[in-house]
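Residue-level structural notes
Listed below, chain by chain, are the residues.
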Amino acid sequence: MALPEEAESGPARPQPVSGLLQSVTDIRQDLADFDSRFGLPPARIQVITALAGSSASLWLAGVEEVEDTELVHAVAPDATIREILVDPADVSTPAKFAATWATAVRIAARNGEVISQSGIGQDFNLGEDSWTSAEVATMNSALEYAAARHVTVVVASGDEGAIGEGSTTPVKEVILPTSDPLVLAAGGTILTANPVTGAYISETAWNTPGQPPQPGASGGGFSHLFARPAYQDGVPGIGATRGVPDVAADGSGTTGMALAFSAPGGGYELIGAGGTSAAAPFWAGLIALADQEAGHPLGFVNPAIYRIARGPLYHKAFHDITTGNNTVVLNGVTITGYQAGPGWDPVTGWGTPDAQVLIPVLAR
């Protein structure tokens, strides 16, 4: 597993839940507590610092890196996890992000079979309208490189619903690199499960505007840049352009998987994983399990995902999310999004996995 992440230069700054996004912790300590709590084997983490900058600290990590790593480790506990650290200054504009992310993907593709992207470059507008054609081509070229090496790239669909990530003016669009047809785009849901047994009950599209601990909505919609890929041909609800997302997983901080973080003054606190940046590493872990079962990297899995979803096992391999939407309000303006419905939709894709069914089928 390869995780591109923003490097931290220190010092460690554990924060309470209310300030968690500014928290910087020693990821080794957080993982040790996480593994102890949940009976997981020690995580095998390797750090690659070629893009990190001279002041980067090897083991200090922000919230996104800890979330990505603990989710991947919980789903695929024996996988080696390689953190590809990048200098935050090098992903601070679309132009810098495109170049740095493309380089990081190439490094990651040489160091892993699955890449999960959610934790870098979220401080500016990632909507498709933010990029030049050259920047789009740079990112697409790196994804072609990964696909040629049979590496799966999973990307979060964004947490701003039907608008571009971080937009200051309401624009109905999808984000990059999520909308590139060479990535598996992961949206978000709100899961209801039995609190005692964990048994699945139901799900709806993730949309919790203004509600802590994780306000936001599942990113989704239709590309303005990419034509409909062949694997989406004939899918009801998809027009002439690439539809996003492909799949989904729990994105609610209230119902999400428990994560362990260092707390101020010592000790640890548990929070719920949230956002589509939780859905992406969750799906990356599932792909790693399918790779293991197959005995080789599955690589570009989208055509297989769509074949399964359009076949007789759909309602066994997936939970079809049919309620909720990704309508959002920005600066007092309502941007009417899309509605979840039967089959594929531009809020939750094909839905969430029943891994016991999906993984062996995908591996075949």
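A brief structural summary. (Residues numbered from 1 in each chain as written. Predicted model: local features only at pLDDT ≥ 70, side-chain atom pairs only at ≥ 80, totals over all residues. Heavy atoms only, no water.)

**What to know about helix α6 (residues 302-309)**
Condition: A simple rule labels every residue: compare its accessible area, found with a 1.4 Å probe on the protein chains alone, to the largest value its type can have, and call it buried under 20%, exposed over 50%, or partly exposed in between. Helix and strand assignments follow DSSP, with helices taken as H or I runs no shorter than four residues and strands as E runs no shorter than two, numbered in order from the N terminus.
Most of α6 sits out of view: 6 of its 8 residues are buried. Every buried residue belonging to α6 is among Asn302, Ala304, Ile305, Tyr306, Ile308 and Ala309, and all of these are buried.

**A few points about helix α4 (residues 133-148)**
The criterion, for reference: A helix is expected to span 1.5 Å multiplied by its residue count minus one. Of all possible arcs, the one meant is that of the directions from the helix axis to the C-beta atoms.
For α4, spanning 16 residues, the distance from its first C-alpha to its last is 22 Å, which sits close to the expected 22 Å at 1.5 Å a residue. Buried residues of α4: Glu135, Val136, Met139, Asn140, Ala142, Leu143 and Ala146, and no others. One side of α4 holds all its buried residues, which, seen down the axis, span an arc of 155 degrees. The exposed residues of α4 that point more than 90 degrees off its buried face are Ser133 and Ala148.

**Some details on the environment of Arg28**
Structurally, Arg28 can be placed in helix α1 (residues 27-38). Considering only alpha carbons, one finds Arg28 and Ile45, 17 residues apart in sequence, at a separation of 8.7 Å.

**Looking at the pairing of strand β1 (residues 2-6)**
The condition is simple: For two strands to be treated as a pair, DSSP must find at least two bridges joining them.
Burial runs high along β1: 5 of the 5 residues are buried. A two-sided burial pattern is seen for β1, the buried positions comprising Ala2, Pro4 and Glu6 on one face and Leu3 and Glu5 on the other. Where β1 and strand β5 (residues 80-86) come together, 5 bridges link them in parallel fashion. By the bridge assignment for β5, Leu3 is matched with Glu83.

**Concerning the packing of aromatic side chains**
Keep this limit in mind: Stacked, tilted and edge-to-face are the three classes applied to pairs of Phe, Tyr and Trp rings, where Trp contributes its six-membered ring and a pair requires centres within 6.5 Å; stacked means planes under 30 degrees apart, edge-to-face means over 60, and tilted covers the rest.
Following the criterion strictly, the structure yields 11 aromatic pairs and no others. Seen from their ring centres, Tyr314 and Trp350 are 5.4 Å apart, and the 75 degrees between their planes marks the pair as edge-to-face. On the criterion of sequence distance, the pair formed by Tyr314 in helix α7 (residues 314-317) and Trp350 in the loop between β17 (333-335) and β18 (352-353) is long-range, its members being 36 residues apart. For the pair formed by Tyr314 and Trp350, the shared burial category is buried.

**With respect to the pairing of strand β13 (residues 258-262)**
In terms of burial, β13 is largely enclosed, as 4 of its 5 residues are buried. In this antiparallel pair of consecutive strands, β13 and strand β14 (residues 268-272), the connection spans 5 residues, and Gly265 shows a positive phi of 80 degrees.

**Side note on the side chain of Glu83**
Note the following rule: Positive charge is attributed to Lys and Arg, negative charge to Asp and Glu, and no charge count is given to His or to the chain ends. Throughout this description, the term salt bridge denotes a Lys or Arg side-chain nitrogen within 4 Å of a carboxyl oxygen of Asp or Glu. By the convention used here, residues are in contact when the closest approach between their heavy atoms is within 4.5 Å.
Topologically, Glu83 is positioned in strand β5. Although buried, Glu83 forms no salt bridge, and the nearest oppositely charged side chain, Arg82, lies 11 Å from it. Ignoring anything within four residues of it in the chain, the contact list for Glu83 reads Leu3, Glu5, Ile27, Ile45, Gln46, Val47, Ile48, Glu65 and Thr69.

**A word on the nonpolar core**
Test applied: Within this scheme, the nonpolar core is defined by two criteria: the residues are buried Ala, Val, Leu, Ile, Met, Phe, Trp, Tyr or Cys, and they are joined through side-chain atoms within 4.5 Å.
Core analysis: the largest hydrophobic core is formed by 41 residues, its most contacted members being Trp283, Ile305, Phe318 and Trp350. Elements with a minimum of two residues in this core: α2 (63-75), β7 (152-156), β8 (184-193), β12 (247-250), α5 (276-294), α6, α7 and α8 (355-363). With residues up to four places along the chain from it excluded, the contact list for Trp283 reads Val154, Leu184, Ala186, Val247, Ala248, Ala249, Ile305, Phe318, Gly351, Pro353 and Leu358. Counting residues in each nonpolar core, the second largest holds 32 residues, with Ile115, Trp131, Met139 and Leu143 among its members.

**Observations regarding the side chain of Gln117**
The test is simple: Residues adjacent in sequence count toward polar contacts only when both atoms are side-chain atoms; beyond that, a polar contact is any pair of N or O atoms within 3.5 Å, and within protein one must be able to donate a hydrogen and the other to accept it.
Structurally, Gln117 is set in strand β6 (residues 114-117). Engagement of the side chain of Gln117 in a polar contact is seen with the side chain of Trp101, the distance being 3.3 Å. Once residues within four sequence positions are removed from consideration, Gln117 is found in contact with Pro4, Phe97, Trp101, Val154, Val155, Ala156, Pro177 and Ala280.

**Side note on the pattern of salt bridges**
Counted under the stated rule, the structure contains 4 salt bridges. With a shortest N-O distance of 2.9 Å, Arg28 and Asp26 are connected by a salt bridge. With a relative accessible area of 44%, Arg28 lands in the partly exposed category. The residue Asp33 makes a salt bridge to Arg37 at a minimum N-O spacing of 2.6 Å. Within this pair, Asp33 and its partner Arg37 are both found in helix α1, separated by 4 residues, close to a single helical turn.

**What to know about the packing of helix α3 (residues 94-109) against α4**
This is how the line gets drawn: A fitted line through C-alpha atoms represents every axis, and for helices the fit uses only the stretch in contact; the resulting angles, taken between N-to-C directions, go from 0 to 180 degrees. Throughout this description, any angle smaller than 35 degrees is read as roughly parallel, any larger than 145 degrees as roughly antiparallel, any in the 65 to 115 degree range as roughly perpendicular, and the remainder as oblique. Residue polarity is assigned by list, with Asp, Glu, Lys and Arg as charged and Ala, Val, Leu, Ile, Met, Phe, Trp, Tyr, Cys and Pro as nonpolar; anything else, Gly included, falls into the polar class.
At their nearest, the axes of α3 and α4 sit 9 Å apart, and the two run at 5 degrees to each other. Viewed along their axes, α3 and α4 adopt a mutual orientation that is roughly parallel. Counting all contacts with α3, which are made through Pro94, Ala95, Phe97, Ala98, Ala99, Trp101, Ala102, Val105, Arg106 and Ala109, the residues of α4 involved are Glu135, Thr138, Met139, Ser141, Ala142, Leu143, Tyr145 and Ala146. By residue class, the composition of the contact of α3 with α4 is 14 nonpolar, 2 polar and 2 charged.

Take it as geometry only, folks, not as evidence of what the structure does.
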